[in-house]
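# Structural features, examined
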Amino acid sequence: MSVERTKWLKDIEVAQTMTTNKMNGVYTCPELKSSTMRVGQDDHAKHPSRRGNTLYYRDGRTERVALKE
């Protein structure tokens with residue numbers, strides 16, 4: 001057998017070894033804690049939501065919208 005093949009077979013053997021040992025330590029997910037801040041990200045809050053012909057404002061007001069023909 002060639003040296004490369006022997007090394008390759010040894011690497012496969014390690015990859016196929018099954019273990020039930022748990023990892024030590026705590027992973028805190030630092031990539032999920034950073035927030036992306038951008039200019040204008042909350043501009044949508046100034047405008048009401050529209051459902052059908054009614055506008056719903058964030059302060060609780062509602063306003064009917066007339067259809068123009």
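The present account deals with the structure reproduced in this document. Computed from a predicted structure; not experimentally measured.

## Quick word on the overall build of the protein
Within the protein, the regular secondary structure consists of two helices and three strands. Taken from N to C terminus, the helices and strands of the protein fall in the order α-α-β-β-β. Counting over 69 residues, the protein shows a buried share of 3%. Carbon and sulfur atoms make up 53% of the accessible area of the protein, which totals about 7,400 Å².

## A few points about the side chain of Thr54
Looking at the secondary structure, you find Thr54 in strand 2 (residues 54-56). Assessed through its relative accessible area of 11%, Thr54 is described here as buried. Within the local environment of Thr54, its side chain forms a polar contact with the side chain of Arg64, the two groups lying 3.2 Å apart. Beyond its immediate sequence surroundings of up to four residues, Thr54 is in contact with Ser49, Thr62, Glu63 and Arg64.

## Overview of the packing of aromatic side chains
Describing an aromatic ring pair means giving the distance of the ring centres and the angle of the ring planes. Summed over the entire model, instances satisfying the criterion amount to zero aromatic pairs. Over the ring of Tyr56 we find Arg51, and its NZ or CZ is 3.9 Å from the ring centre.

## Details of the sheet that holds strand 3 (residues 62-64)
If you trace the three strands from one edge of the open sheet to the other, you get 1-2-3, paired in antiparallel fashion. Every interior strand has two partners, whereas the edge strands, strand 1 (49-51) and strand 3, have only one. The average undirected angle you get between the axes of adjacent strands in this sheet is 25°. Relative to strand 3, strand 2 runs antiparallel, the two sharing three bridges. Paired with Leu55 across the strands is Glu63, a residue of strand 3.

## Quick word on unusual backbone geometry
Within the chain, Cys29 stands out as a residue other than glycine whose phi angle is a positive 55°. Mapping Cys29 onto the fold places it in the loop between helix 1 (3-16) and helix 2 (30-33).

Reading the values: the criteria
The residue count restarts for each chain, going from 1 along the sequence in the order it is written. Note on the predicted model: pLDDT of at least 70 is required for a residue's local features to be given, and 80 or more for side-chain atom pairs to be given and counted; whole-chain, interface and lining totals, by contrast, use all residues. Side-chain metrics rest on all non-hydrogen atoms present in the structure, leaving aside hydrogens and water. Strands here are runs of E lasting at least two residues and helices are runs of H or I lasting at least four, both read from the DSSP assignment and numbered beginning at the N terminus. Under the scheme applied here, a residue whose accessible area is under 20% of the maximum for its type counts as buried, over 50% as exposed, and between as partly exposed, the area being computed with a 1.4 Å probe on protein chains only. What sets the accessible areas is the Shrake-Rupley method with a 1.4 Å probe; for residues, cover comes only from the shown protein chains. The term polar contact refers here to a pair of N or O atoms within 3.5 Å; inside protein, the definition further demands a hydrogen-donor-capable atom paired with an acceptor-capable atom, and it admits residues adjacent in sequence only when both atoms are side-chain atoms. Any two residues whose heavy atoms approach within 4.5 Å are treated as being in contact. Each Phe, Tyr or Trp ring, with Trp reduced to its six-membered ring, pairs with another whose centre is within 6.5 Å; inter-plane angles below 30 degrees give stacked pairs, above 60 give edge-to-face pairs, and intermediate values give tilted ones. Only lysine NZ and arginine CZ atoms are considered, and such an atom sits over a ring when it is within 6 Å of the ring centre and within 35 degrees of the ring normal. Pairing between strands is defined by DSSP: at least two bridges between the two strands are required. Convention adopted: a line fitted to C-alpha atoms gives each axis, helices being fitted over their contacting stretch, and angles between N-to-C directions are expressed from 0 to 180 degrees.

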